[in-house]
Amino acid sequence: MTKQILKAYKVRLYPNEDQQIFFAKSFGCSRFIWNKMLADKIEYYRETKMSLNNTPAQYKKEFEWLKEVDSLALANVQQNLRSAYSKFFKQGARLPKFKKKGIKDSYTTNNQKGTVAITDSTVKLPKIGHINAKFPDKINGLIKSATISRTPSGKYYVSLLVETIVNELPKTQSNIGIDLGLTDFIVLSDSTKVANPKFLAKLQDKLSKAQKIMSKRALIAKKDNRNLRDSKNYQKQKTKVAKVYEKITNARKDFLHKLSFNLIKNHDVIAIEDLNVKGMVKNRKLANSDSSWSTFTIMLAYKADWYGKTLVKIDRWYPSSKTCSHCNHLLTKAELPLSVRMWDCPSCLQQNDRDINASINILHQGLILAKQSKTVGATGLA
Ligand SMILES: [Zn+2]
């Protein structure tokens, strides 16, 4: 079976000086129109208690330079702002935030009959033409939109959203339960423990060292009564910190992509605990960051969908650690403090590794839930 999906490809761009200037203008105009339209919406709301429907076109007369950039970039700002603002207005979400220069500099444009296109070594964008690029993967399919961004360390990327076809992966007749590890990243019901990659820890060290040097340089500049913007040493170090930080983000994403893909490829039903609640992971287990876990579960979810597999999320209140996977005997909280890694079941005497036992319970529970849902018939579970 094949499936049509939307897939994002991140491509490194190497703009020349003129193109960098164009990008800077586009980021600036997108940020300006977001902030301006948001400010006007807020003011209008204060005066009338009603929602203002403003458009970028209304501002082009007063701010003529808005015409210099891709009008679709501004249209996308309008759309994003409208949806963020209506969440505030109708659903009581927080007010959208004003954007600051240098933080998430980006703009999005759309492909209109080939205005966004790729060659072997370039990406073509509206109003600016071909920009040198390096592609990590082969891109097949219809490009829908392009988001151009600049990282704090000064690298340019375009994220191309492409309509593409994926083939479902063959069924393996194997199922797996995943527990969030205490010292490992995850522990599986087949007793595999997947550690956090060592290179991540090394990069983490490198980051804290670089950050320490940066704060020292900030102090020196302060002592000399120099503005941080004019302190070359500080700025140099700041770029270095940003570079290490980006490296960590990319390496972590890469690790999570490979791990989630392999789990989906090798198993039909994948059962995890539903810990996707802010702060929940941090409180429960300390070795993992919230964001890694939630990114990981998001990846598992869409990959399961793409490749015809089943992801089951177990209720977070299910006592996966305290239940003996062999005989279902339930320990009390006092009987299993966090420090206990191995325990002997008082009922059936089985020796349990805390995390492996939990992941086996998660698998059992997952299979029960999967059986109850319709998708199970399709995956052929007995
Ligand atoms: Zn037992």
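Residues numbered from 1 in each chain as written. Predicted model: local features only at pLDDT ≥ 70, side-chain atom pairs only at ≥ 80, totals over all residues. Heavy atoms only, no water.

K.L.:
I tried to follow the coordination of the zinc ion on my own but got confused; where do I start?
P.N.:
Ideal geometry at a metal centre gives angles of 109.5 degrees when four donors are arranged tetrahedrally and 90 or 180 degrees when six donors are arranged octahedrally. With distances of 2.3 Å, the protein atoms coordinating the zinc ion are Cys324 (SG), Cys327 (SG), Cys345 (SG) and Cys348 (SG). Geometry at the zinc ion is tetrahedral, judged from the four donor atoms that bind it and their angles of 103 to 114 degrees at the metal. In primary sequence terms, the donor set of the zinc ion follows C-x2-C-x17-C-x2-C. A residue pair is termed long-range when its members are at least 10 positions apart, and Cys327 in the loop between strand 12 (310-314) and strand 13 (342-344) and Cys348 in the loop between strand 13 and strand 14 (351-353) qualify at 21 residues. Overall, Cys327 belongs to the partly exposed group, its relative accessible area being 30%. (Donors = N, O, S within 2.8 Å, 3.2 Å for Na, K, Ca; no water. Tetrahedral: all angles 85-135°; square planar, octahedral: opposite > 155°, others 65-115°. Helix = DSSP H or I, 4+ residues; strand = E, 2+ residues; numbered from the N terminus. Buried < 20%, exposed > 50% of the residue type's maximum accessible area, 1.4 Å probe, protein only.)

K.L.:
I would appreciate a short explanation of the domain arrangement of the protein chain in the present structure.
P.N.:
When the parts of a complex come together, some accessible area is lost, and that lost area is often taken as the interface size. Along its sequence, the protein chain is organised into domain 1 (2-167) and domain 2 (175-381). In this complex, domain 1 contributes 12 residues to the contact, which on the side of domain 2 involves eight residues. Buried area between domain 1 and domain 2, summed over both chains or domains, comes out near 790 Å², and the portion from carbon and sulfur atoms is 54%. For the domain 1 face of the interface with domain 2, the top three residues by lost area are Lys3, Ser153 and Val166, together amounting to 44%. Viewed at the interface, domain 2 and domain 1 are joined by one salt bridge. Between Lys3 and Asp305 there is a salt bridge whose closest N-O contact spans 3.0 Å. On inspection of domain 1 and its partner domain 2, the count reaches three residue pairs in polar contact (both at pLDDT 80 or more). (Domains from an automatic or database assignment. Contact = heavy atoms within 4.5 Å. Buried area = accessible area lost by both parts, 1.4 Å probe. Salt bridge = Lys/Arg side-chain N within 4 Å of Asp/Glu carboxyl O. Polar contact = N/O pair within 3.5 Å; in protein donor to acceptor, adjacent residues only side chain to side chain.)

K.L.:
Explain the sheet that holds strand 12 here, please?
P.N.:
The strands that make up a sheet pair up through hydrogen bonds in the backbone, lying either parallel or antiparallel. Pairing is mixed across the open sheet formed by five strands, whose spatial order is 10-9-8-11-12. Looking at which strands have only one partner, the edges of the open sheet turn out to be strand 10 (193-194) and strand 12. Where strand 11 (residues 269-273) meets strand 12, five bridges bridge the pair, whose relative direction is parallel. Bridge pairing links Glu273 to Ile314 in strand 12. Strands in contact with helix 4 (residues 232-266) are strand 8 (175-180), strand 9 (186-188), strand 10 and strand 11; relative to strand 9, the strand with the most contacts, it is inclined by about 15 degrees. Sitting on the sheet, helix 7 (residues 354-372) touches strand 8, strand 9, strand 10, strand 11 and strand 12, and the angle it makes with strand 8 is about 130 degrees. (Pairing = 2+ DSSP bridges. Axes fitted to C-alpha atoms, helices over the stretch in contact; angles between N-to-C directions.)

K.L.:
So what exactly am I meant to see when it comes to the packing of aromatic side chains here?
P.N.:
Following the criterion strictly, the structure yields 19 aromatic pairs and no others. Judged by centre distance (5.7 Å) and plane angle (80 degrees), the ring pair of Tyr45 and Phe89 falls under edge-to-face. One end of the pair, Tyr45, is in helix 1 (residues 17-48); the other, Phe89, is in helix 2 (residues 71-91), with 44 residues separating them in the sequence. Note on Phe185 and Phe255: the rings are 5.7 Å apart at their centroids and 65 degrees apart in plane angle, and the pair reads as edge-to-face. Of this pair, Phe185 sits in the loop between strand 8 and strand 9 while Phe255 sits in helix 4; the two residues are 70 residues apart in sequence, bridging distant segments of the chain. Just as Phe185 is buried, Phe255 falls in that class too. (Phe/Tyr/Trp six-rings, centres within 6.5 Å; stacked < 30°, edge-to-face > 60°.)

K.L.:
I'm lost on unusual backbone geometry in this one. Help?
P.N.:
Excluding glycine, residues mostly have negative phi values, and the peptide bonds linking residues are mostly trans. Even without a glycine there, the phi angle at Gln173 is positive, about 60 degrees. Turning to its location among the elements, Gln173 is positioned in the loop between strand 7 (156-167) and strand 8. By relative accessible area, Gln173 is classed as exposed at 62%. At Ser191, a residue that is not glycine, the phi angle is positive and equals roughly 75 degrees. Here Ser191 shows up in the loop between strand 9 and strand 10.

K.L.:
Please explain the side chain of Gln19 as it appears in this structure.
P.N.:
Turning to its location among the elements, Gln19 is positioned in helix 1. Relative accessible area serves as the criterion here: at 9%, Gln19 is assigned to the buried category.

K.L.:
Before we go on, may I ask you to explain the sheet that holds strand 3 (residues 117-118) in this structure?
P.N.:
Taken in spatial order, the seven strands line up as 2-6-7-1-5-4-3 in an open sheet, and their pairing is antiparallel. Of all the strands in the sheet, the pair left with one neighbour each is strand 2 (105-110) and strand 3. By the bridge criterion, four bridges tie strand 4 (residues 122-125) to strand 5 (residues 129-134) in an arrangement that is antiparallel. Across the sheet, residue Lys124 finds its bridge partner in strand 5, namely His130. Sheet strands touched by helix 1: strand 1 (2-14), strand 2, strand 4, strand 5, strand 6 (142-150) and strand 7. Its angle to strand 2, the strand with the most contacts, is close to 90 degrees.

K.L.:
Is there a simple way to explain the nonpolar core in this structure?
P.N.:
A general tendency of soluble globular proteins is for nonpolar side chains to be buried together. Formed by 25 residues in total, the largest nonpolar core has its most connected members in Ile178, Phe185, Ile186, Leu259, Leu263, Trp293 and Phe296. Breaking this core down by element, the ones donating at least two residues are strand 8, strand 9, helix 4, strand 11 and helix 6 (290-307). For this core, the leading source of residues is helix 6, giving seven residues. If you look at the next biggest cluster of nonpolar residues, it comprises 21 residues, including Val11, Leu125, Ala133 and Tyr156. (Core = buried A, V, L, I, M, F, W, Y, C linked by side-chain atoms within 4.5 Å.)

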